[in-house]
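Letter by letter, the chains look like this.
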Amino acid sequence: MDLPTFLVQCLNAVQYGLLLFLVASGLTLIFGIMGVINLAHGSFYMIGAYMAFVLAPYFGDWFVTRLIVGVLLAALFGFVLEWVFFSFLYQREHLQQVLMTYALILVFEEARSLLVGNDVHGVQPPPWLTGGFQLGELMSYPWYRVFASVACIVVALALYFVVNRTRLGMMIRAGASNRDMARGLGLDIKLLYRVVFAGGVALAALAGMIAAPLSSVYPGMGGSVLIICFVVVVIGGIGSITGALIASLLVGFVDTFGKVFFAEYSGIGVYLLMAIILVWRPEGLMKRAY
Amino acid sequence: MAEPNALLRASGLTRRFGGLTAVNEVSLDLHVGEVHAVIGTNGAGKSTLINMLSGEMPASSGRIELDGHDIGTWSQPKRARAGVGRSYQRTTIFPSFSVLENCRLSAQAALPRAWAVWESAQRCAQSLAFARAALDSAGLTDDAARPAGLLSHGGQRQLEIAMCLALRPRVLLLDEPLAGMGAEETGRMLALLAELKRSHAVLLVEHDMDAVFRIADRITVMVNGTVIASDLPERIRTNHDVQVAYLGEGH
Amino acid sequence: MARTWIVPVVAALVLLMLPLGLSPYLQETVVKIAVYAIFALSLELLVGVTGLVSLGHAAFLGIGAYVTVLASGDAGGPIAKIAPLAVLAAAAYALFVGALSLRTKGVYFIMVTLAFAQMAYFVFHDTRIAGGSDGLFLYAKPTLGALNLDDKQHLYYAVIGTLIATYALLALLMRSRFGHALAGIRVNEQRMRAAGFNTYGYKLAAFVFSGALAGLAGFLLAVKDGAVNPELLSWHESGAVLLMLILGGIGSLRGAVIGAIAFTLLKELFQLESLLGPLASHWQMTLGFTIIAFVALLPKGLIGLRARLAGVKHG
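Residues numbered from 1 in each chain as written. Chains lettered and ligands numbered in written order. Predicted model: local features only at pLDDT ≥ 70, side-chain atom pairs only at ≥ 80, totals over all residues.

Scanning chain C for helices and strands turns up 14 helices and four strands. For chain C, the C-alpha radius of gyration of 19 Å lies close to 20 Å, the compact-globule estimate for 315 residues. The C-alpha extent of chain C, read off along each of the three principal axes, is 55 × 45 × 45 Å. Residues counted as buried form 53% of the 315 residues belonging to chain C. (Helix = DSSP H or I, 4+ residues; strand = E, 2+ residues; numbered from the N terminus. Rg over C-alpha atoms; globule rule 2.2 N^0.38 Å. Buried ≥ 20, exposed ≤ 12 C-beta atoms within 10 Å, placed from the backbone.)

Below is the structure:
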């Protein structure tokens, strides 16, 4: 493998990992703070991607605006969804949560089928992000992928800032480590949960919107990202955002280079990685950050 | 000191959690015929200590010997089968099973041939025999058929001990068995403990000072993970450090 | 004690005599339900008895099915060779998955079992081992002396017989010391460890046995359909079997069988255009809402409903 190809694959790995991180961080936050296992989290990613497709005609070249509108819509959707559905799941046992959220996936998939159909769609990147820059003689790396990575890094930094440096973040961490005490201190736990959930949904949807031009928009995309996210969370440790970041990047590299070297067996690479972690450190790479 | 050999001996047990030392160089001996009580304020490390002895938590350093054998690396199930029984502060009975089944199940682990699946558990003579013996000792024979969840709180605490006994242990690690009990139930439990100590080595972690002074043959006092005194009850009562720890300076 | 045997024995007798009165189409439906009932029973041991929620059980069904086809090759083969191979293959993967996933608990366990099932899915979907996304055909069904599974009647009796045997075996298991230990682990694993039980070993044994039974169901499924495809290992399939358990009611063997019946019937029902019109093609949505309503209102399943109605009568 020559250097330009190697560089391209590394960049691809990082970009894939960062997108995964966006989805996984939402999942791990929701589980870490509310204790809910949400199988429908992948559906939010799918919803984001389909939103990118649906909103495209209305926003023309205003790409960033489209992203922002999509994120806000997703956050609103998440806020309402927590209110009418998820808030009833917190006290239930895991099996019931699994089944209820599995049922939710079925509902979302069919709703999508009813509203937008089952076709695969492409989404164009905005004109100012088409094309790429040269890497060596034969390779060029698309500007859109650079944008995707940068956008994810910005979001990751913002997430770090919010969780560690703001009052909201403090409330989140307090709510995570000791619910009853936090409630006693006057935190409106219900509202806090709703905000966190909305944030998780928005993160996943944003990832979907960014990913749309890269992976196209197709019915099964929620399911595949969900299971990979589970692998990320298991490797990184539930509730740990740092763990999710490290694990996402690890998965990104294993998957990307797996495809290069092992072709048809690449799909199982990340699961073997998970198996190794389970032998070595079953509780995940990082225990809970809070 | 001409002491008979301890059945369970802990030497220099220490447990660290990151920067916090929960248990610091604690040593104690358990002898058959003796109730050794461990008392201390909240956060003194008593739960951590008992967890290390039972095998639920590994020690950061120190040694644990059962009958002279080093059991520090043994898992909890292994120690239980070797005769280290443990009861819990929060009741860990099986509420939906009958009282008898609770004990029978506890007695089952030590029996061979777990794979003989064609044999009905309810007709397993050996485990039933051990279970009935344990219920007898604990005074629960009349309640054998009742669902355990329907017992009174005191009854459930007695069952907790009975399940411990069904294992036919030699060492009993009892974590606050008197928790939540009224005067009459406490009296009954203390009578049970007095009976049990004749043939077992008993470690008793407790908060109820009156009960401790009534039943203990030896008392170890822990503060912030460290042992500040370990002596006969009368001498603990008058020990200056203990008084300071419990009652504050100026006594 | 004798009363709990009456219903299953009567049901078994009825099933054995059904071919005398039922049309071939209905017989086929019964066979389909019976195979899924075996699958559901295998998961009941894990979820209902031991308390381990696995979201990857379809992997063992699929492996059993695929190995059946692969081992049959072009010429078919003896049941005595192919069925054990299918079961062993499933058990082997269950040993691998169980050994690793049982190092985790709770939510982690659910996620890890799902992930390992997905791994198996990818092996069959992506690689050349087995026909890719199109799946494989079973060209010649296994035989054993006079028993020819290509014959619908023979298949019927073979499947019903296996269902009865599985049910009886699990009932025996549940009343054994091993079964009681599993129940204890479900209620309070900590107490079991304090009583001297090596809980990891017990859980692993349950996991492997469960996987093996699912492999047996997979063998029957491959024989029944004459074909296999990777979707057998998908998480939709794993979700479906969990649904069967909660529909029927977790915690009893009867619940597993009732759940399999209920799920299959509901699926057929929701796809009836005569009943649901345009919604019929979007039957998964109807199913989804039904599940939500079910879990919210009837967490103890259909068996729980019967108990509640009985309570209402007396109360």
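This next bit is on the overall build of chain A. Across its full length, chain A holds 11 helices and two strands. Reading chain A from its N terminus to its C terminus gives the helix and strand order α-α-α-α-β-β-α-α-α-α-α-α-α. Oriented by its inertia axes, the alpha-carbon framework of chain A measures out at about 65 × 50 × 35 Å. A burial count over chain A gives 49% of its 290 residues as buried.

The biggest cluster of nonpolar side chains holds 286 residues, and the ones touching the most others in it are A:Val231 and C:Ala40. Residue contributions to this core reach at least three from each of two domains, namely domain 1 (1–83 + 170–251) and domain 2 (93–168) of chain B. Excluding anything up to four places from it in sequence, A:Val231 contacts A:Val251, A:Val270, A:Tyr271, A:Met274 and C:Ala115. (Core = buried A, V, L, I, M, F, W, Y, C linked by C-beta atoms within 7 Å. Domains from an automatic or database assignment. Contact = placed C-beta atoms within 7 Å.)

Chain-level statistics for chain A give a pLDDT mean of 86 and a share of 93% at 70 or above. At the level of individual helices and strands, chain A shows its lowest average pLDDT in helix H7 (residues 179–184) of chain A, which scores 66, and its highest in helix H3 (residues 63–84) of chain A, which scores 92. (pLDDT = per-residue confidence, 0-100.)

In this complex, chain C contributes 36 residues to the contact, which on the side of chain A involves 35 residues. Elements with a contribution of two residues or more to the side of chain C that touches chain A: helix H5 (106–126), helix H10 (235–248) and helix H13 (283–297) of chain C. Among the residues forming the side of chain C that touches chain A, the class breakdown is 25 nonpolar, eight polar and three charged. (Nonpolar A, V, L, I, M, F, W, Y, C, P; charged D, E, K, R; others polar.)

It is worth spelling out the pairing of strand S1 (residues 132–135) of chain A at this point. Residue and element names in this part refer to chain A. Where S1 and strand S2 (residues 139–142) come together, four bridges link them in antiparallel fashion. Residue pairing across strands places Gln 134 opposite Ser 140, the latter belonging to S2. Hairpin connection between S1 and S2: a loop of three residues separates the two successive antiparallel strands, and Gly 136 in this loop has a positive phi of roughly 75 degrees. (Pairing = 2+ DSSP bridges.)

What follows covers the interface of chain C and chain B. Contact residues are listed per partner, giving 19 residues for chain C and 24 residues for chain B. Breaking the side of chain C that touches chain B down by element, the ones donating at least two residues are helix H6 (152–175), helix H7 (177–187) and helix H8 (189–194) of chain C. The element best represented in the side of chain C that touches chain B is H7(C), accounting for six residues. For the side of chain C that touches chain B, the per-class residue count stands at eight nonpolar, seven polar and four charged.

Residue and element names in this part refer to chain B. Pairing in this open sheet of four strands is antiparallel, and the strands run S2-S1-S4-S5 from one edge to the other. The sheet is open, and its two borders are formed by strand S2 (20–30) and strand S5 (69–70), each paired with just one other strand. Taken together, the five bridges between strand S1 (residues 8–17) and strand S4 (residues 61–66) define a ladder with antiparallel strand orientation. Across the sheet, residue Arg 9 finds its bridge partner in S4, namely Glu 65.

Turning our eyes to something else, we now look at H10(C). Residue and element names in this part refer to chain C. Given a rise of 1.5 Å per residue, 14 residues ought to cover 20 Å, and the 20 Å separating the end C-alpha atoms of H10 matches this to within 8%. Taking burial as the measure, the 14 residues of H10 include 13 buried ones, the bulk of the element. Gly 249, located one to two residues past H10, shows a positive phi value of around 120 degrees. (Expected span 1.5 Å × (residues − 1).)

Now for the arrangement of the chains. No other pair among the two pairs of chains in contact exceeds the contact count of chains A and C. The two units chain A and chain B remain apart, with a minimum C-alpha distance of 13 Å.

Moving on, we get to the packing of helix H9 (residues 221–236) of chain A against helix H10 (residues 241–262) of chain A. All names here are of chain A. Across the interface, H9 lies against H10 with an axial gap of 8 Å and an inter-helix angle of 125 degrees. In this view, H9 runs oblique relative to H10, as classed from their interaxial angle. For the crossing formed where H9 meets H10, the hand is right-handed. Contacts from Ile 228, Val 231, Val 232, Val 233, Ile 235 and Gly 236 in H9 reach Gly 243, Ala 244, Ile 246, Ala 247, Ser 248, Leu 250 and Val 251 in H10. Looking at side-chain class alone, the contact of H9 with H10 contains 10 nonpolar, three polar and no charged residues. (Axes fitted to C-alpha atoms, helices over the stretch in contact; angles between N-to-C directions. Parallel < 35°, antiparallel > 145°, perpendicular 65-115°, else oblique. Left-handed = near helix turned anticlockwise from the far one by under 90°.)

This part is about unusual backbone geometry. For A:Ser216, which is not glycine, the phi dihedral falls at a positive 60 degrees. Checked against the element boundaries, A:Ser216 lands in the loop between helix H8 (189–215) and H9. Taking the number of C-beta atoms within 10 Å as the measure of exposure, A:Ser216 has 14 and is therefore partly exposed. Notably, B:Arg168 is not glycine yet its phi reads approximately 55 degrees, a positive angle. By the element assignment, B:Arg168 lies in the loop between helix H5 (153–166) and strand S7 (171–175). Note on B:Arg168: 14 C-beta atoms within 10 Å, which makes it partly exposed.

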